[in-house]
Amino acid sequence: EDQVTQSPEALRLQEGESSSLNCSYTVSGLRGLFWYRQDPGKGPEFLFTLYSAGEEKEKERLKATLTKKESFLHITAPKPEDSATYLCAVRGTGRRALTFGSGTRLQVQP
Amino acid sequence: KAGVTQTPRYLIKTRGQQVTLSCSPISGHRSVSWYQQTPGQGLQFLFEYFSETQRNKGNFPGRFSGRQFSNSRSEMNVSTLELGDSALYLCASSFLIEETQYFGPGTRLLVL
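Residues numbered from 1 in each chain as written. Chains lettered and ligands numbered in written order. Predicted model: local features only at pLDDT ≥ 70, side-chain atom pairs only at ≥ 80, totals over all residues. Heavy atoms only, no water.

*Asks:* Pulling in residues and values, what's your account of the overall build of chain B?
*Replies:* A tally of helices and strands in chain B yields zero helices and eleven strands. Reading the secondary structure of chain B in the N-to-C direction produces β-β-β-β-β-β-β-β-β-β-β. Taken against the 2.2 N^0.38 rule, which gives 13 Å for 112 residues, the C-alpha radius of gyration of chain B at 13 Å falls within 12% of a compact globule. Over its C-alpha atoms, taken along the principal directions, chain B stretches across nearly 35 × 25 × 25 Å. Put simply, chain B has 112 residues, and 51% of those count as buried. In chain B, once contacts between residues fewer than 6 apart in sequence are set aside, the share between residues at least 24 apart is 55%. Carbon together with sulfur atoms contributes 49% to the accessible area of chain B, which is approximately 5200 Å² in total. Averaging the coordinates of the 11 positive side-chain charges in chain B and doing the same for the 7 negative ones gives two points 7 Å apart. (Helix = DSSP H or I, 4+ residues; strand = E, 2+ residues; numbered from the N terminus. Rg over C-alpha atoms; globule rule 2.2 N^0.38 Å. Buried < 20%, exposed > 50% of the residue type's maximum accessible area, 1.4 Å probe, protein only. Contact = heavy atoms within 4.5 Å. Areas by Shrake-Rupley, 256 points an atom, 1.4 Å probe, with all protein chains shown as cover. Lys, Arg positive; Asp, Glu negative; His and termini not counted. Charge placed at Lys NZ, Arg CZ, Asp CG, Glu CD.)

*Asks:* Give a detailed account of the packing of aromatic side chains, specifying residues and quantitative values.
*Replies:* Inspection of every chain in the model, using the stated rule, returns ten aromatic pairs over all chains. Ring geometry for A:Tyr36 against A:Phe100: centres 5.9 Å apart, planes inclined by 45°, an arrangement best described as tilted. Of this pair, A:Tyr36 sits in strand β4 (residues 30-38) while A:Phe100 sits in strand β10 (residues 99-100), and the two are 64 residues apart along the sequence. Here the two residues A:Tyr36 and A:Phe100 agree in accessibility, since each one is buried. Judged by centre distance (5.4 Å) and plane angle (45°), the rings of B:Tyr35 and B:Phe103 are tilted. Of this pair, B:Tyr35 sits in strand β4 (residues 31-38) while B:Phe103 sits in strand β10 (residues 102-103); the two residues are 68 residues apart in sequence, bridging distant segments of the chain. Owing to a relative accessible area of 0%, B:Tyr35 belongs among the buried residues under this scheme. These aromatic residues form a ring-pair network of at least three members: A:Tyr36, A:Phe46, A:Phe100, B:Tyr35, B:Phe45, B:Tyr102 and B:Phe103. (Phe/Tyr/Trp six-rings, centres within 6.5 Å; stacked < 30°, edge-to-face > 60°.)

*Asks:* Give me the interface of chain B and chain A: which residues, what numbers.
*Replies:* Counting from both sides, the interface comprises 20 residues of chain B and, opposite them, 18 residues of chain A. Buried area between chain B and chain A, summed over both chains or domains, comes out near 1600 Å², and the portion from carbon and sulfur atoms is 48%. Counting the contacts that link chain B with chain A gives one salt bridge. For B:Glu98, the salt bridge goes to A:Arg31, with nearest N and O atoms at 2.9 Å. At the junction of chain B and chain A, the tally comes to five residue pairs in polar contact (both at pLDDT 80 or more). For the side of chain B that touches chain A, the secondary-structure elements that each account for two or more residues are β4, β5 (42-50), β6 (53-57), β9 (87-94) and β10 of chain B. (Buried area = accessible area lost by both parts, 1.4 Å probe. Salt bridge = Lys/Arg side-chain N within 4 Å of Asp/Glu carboxyl O. Polar contact = N/O pair within 3.5 Å; in protein donor to acceptor, adjacent residues only side chain to side chain.)

This is the structure:
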């Protein structure tokens, strides 16, 4: 059974204080690891897709990396508008549907 | 390009009633998936449709059903509503199965 664990559950940062969010996963044959951002009351917004260990992708202040057991979402010099819940999901060869983690609630204070 | 749209955005029902939610995917996308999101269980997969056929199903009771039309629009139905069905129901579309999914704003269902 595919499993995704995200840590920490919640993170409070000061504006400009860089940090990383962790997504540990267990999957039979990774077919993709996905990062989404979700604002309260809205649907998840797609950020990145990673397919193989060693892959990295960047977008503005965000950078996602992937190893064989986990993924990190690095946030460099965050701004208050980066405050949101960040969700990680995996798709494996077995189940094929996305399995989501419970998310990390990020709050960036000015 | 317009995103995924879902209607209605908010819905209040009573126990025992049934409800139908609608989803229009991004133009050109042929795969539609449905998810239930609750504070306790997070995002859970309901089912996935491609070319009007259900391709994958999550672990939900038979009260939850769906369908997809020839224009890729999809509907999901929940019959005999229970209090525990109160949730945000999210639809996501992708060009093909197993590609990146893009989510709609969701339908918030409250069952009283």
